[in-house]
Amino acid sequence: TKWNKHETTLFDKIISKELPADIIYEDEHCLAFNDINPQAPTHFLVIPKRRIPLLDESDENDKELLGTLMLTAKKLAKERLPKGYRLVINNGVHGCQSVYHLHIHILGGRQLSWPPG
Ligand code: 5GP
């Protein structure tokens, strides 16, 4: 998929509530909602409200936001998945990124395998 720095994605429509989503957490800087196509019994996404297309495009200015995303993912995961969980960020074509609005996947609720395919 080709991405464009200036093009918004459907995640912006979820942030603005134009598109419905199963939102599990929201604050000033981030939003968390269940993935529409879950790959584990629990599979949700944490996204920044300010759009960064992909991890590659982040820099020093995003340091605080990236930290906030990680801590938010941890907080939600720790509450819901006491036996453990996995965080994933897909970046670009080989990473299988399909939505070019940075997001952390949180997966759990069963024994996951490693390494991934
Ligand atoms: P990526 O492959 O870009 O890392 O992950 C994008 C994720 O967004 C996929 O797991 C996909 O199922 C999820 N997704 C795509 N469209 C929607 C949507 O409209 N609503 C929700 N809740 N999840 C979506």
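Since we're looking at a predicted model, the values are computed, not measured. (Residues numbered from 1 in each chain as written. Predicted model: local features only at pLDDT ≥ 70, side-chain atom pairs only at ≥ 80, totals over all residues. Heavy atoms only, no water.)

**A look at the sheet that holds strand β5 (residues 104-108)**
Then, number 1: Read across the sheet, five strands follow the order β1-β2-β3-β5-β4 without closing on themselves; strand pairing throughout is antiparallel. Each having just a single partner strand, β1 (23-26) and β4 (85-88) make up the two edges of the open sheet. Going from strand to strand, the sheet's axes swing by 20° on average, the running direction of each strand aside.
Then, number 2: Bridge count between β1 and strand β2 (residues 30-34): three bridges; the pairing is antiparallel. The residue bridging Glu-26 from the neighbouring strand is Leu-31, located in β2.
Then, number 3: Here helix α2 (residues 63-80) sits on the sheet in contact with β1, β2, β3 (42-48), β4 and β5, set at roughly 155° to β3. (Pairing = 2+ DSSP bridges. Helix = DSSP H or I, 4+ residues; strand = E, 2+ residues; numbered from the N terminus. Axes fitted to C-alpha atoms, helices over the stretch in contact; angles between N-to-C directions. Contact = heavy atoms within 4.5 Å.)

**Here we look at the packing of aromatic side chains**
Think of a pair of aromatic rings as described by two things: how far the centres are apart, and how the planes are tilted against each other in angle.
Then, number 1: Under the counting rule described, the total for this entry stands at two aromatic pairs.
Then, number 2: Taking 6.2 Å as the distance between ring centres and 10° as the angle between the ring planes, the aromatic pair formed by Trp-3 and Tyr-100 counts as stacked. Of this pair, Trp-3 sits in the segment before α1 (10-15) while Tyr-100 sits in the loop between β4 and β5; the two residues are 97 residues apart in sequence, bridging distant segments of the chain.
Then, number 3: By relative accessible area, which is 5% here, Tyr-100 ends up buried.
Then, number 4: Centroid distance Phe-11 to Phe-33: 5.3 Å. Interplanar angle 80°. Geometry classified as edge-to-face. Taken as a pair, Phe-11 in helix α1 and Phe-33 in strand β2 lie far apart in primary sequence, 22 residues in all. Phe-33 carries the same exposure label as Phe-11, and that label is buried.
Then, number 5: Cation over ring: Arg-80 sits above Phe-44, and NZ or CZ is 5.9 Å from the ring centre. (Phe/Tyr/Trp six-rings, centres within 6.5 Å; stacked < 30°, edge-to-face > 60°. Buried < 20%, exposed > 50% of the residue type's maximum accessible area, 1.4 Å probe, protein only. Lys NZ or Arg CZ within 6 Å of the ring centre and 35° of its normal.)

**Considering α2**
Then, number 1: Here α2 is 18 residues long and its end C-alpha atoms lie 26 Å apart, about the 26 Å a rise of 1.5 Å per residue gives.
Then, number 2: Those residues of α2 that sit buried are Leu-65, Leu-69, Thr-72, Ala-73, Leu-76 and Ala-77. Axial view of α2: buried residues confined to an arc of 125°, hence all on one face. For α2, the exposed residues set more than 90 degrees away from the buried face come down to Lys-63, Glu-64, Leu-71, Lys-78 and Glu-79.
Then, number 3: Buried positions along α2 lie against β1, β2, β3, β4 and β5. (Expected span 1.5 Å × (residues − 1). Arc of directions from axis to C-beta.)

**A short note on the confidence of the model for the chain**
Then, number 1: With 99% of its residues at a pLDDT of at least 70, the chain reaches an overall mean of 96.
Then, number 2: Reported for the predicted complex are a pTM of 0.97 and an ipTM of 0.99. (pLDDT = per-residue confidence, 0-100.)

**Digging into the site of the ligand**
Then, number 1: Taken together, 16 residues lie around the ligand, and Asp-35, Asn-90, Ser-98, His-103 and His-105 are the ones closest in.
Then, number 2: Between Asn-34 and the ligand, the recorded distance is 2.9 Å, taken from a backbone N or O atom to a nitrogen atom.
Then, number 3: His-103 places a side-chain nitrogen or oxygen 2.8 Å from an oxygen atom of the ligand.
Then, number 4: Alone, the ligand offers 520 Å² of accessible surface; in the complex the protein occludes 85% of this.
Then, number 5: Applying the majority rule of atoms within 2 Å of the grid points places the ligand in the largest pocket.
Then, number 6: At the level of secondary structure, the elements contributing two or more residues to the shell around the ligand comprise α1 and β2.
Then, number 7: Here the shell around the ligand takes three residues from α1, the largest share from any one element.
Then, number 8: Each residue belonging to the shell around the ligand can be placed in one class, and the counts come to eight nonpolar, seven polar and one charged. (Near = heavy atom within 4 Å. Polar contact = N/O pair within 3.5 Å; in protein donor to acceptor, adjacent residues only side chain to side chain. Areas by Shrake-Rupley, 256 points an atom, 1.4 Å probe, with all protein chains shown as cover. 1 Å grid on protein atoms, 1.4 Å probe; cavity = no way out; pocket = protein on both sides within 12 Å on 5 of 7 lines; lining within 4 Å. Sits in = over half its atoms within 2 Å of the grid points. Nonpolar A, V, L, I, M, F, W, Y, C, P; charged D, E, K, R; others polar.)

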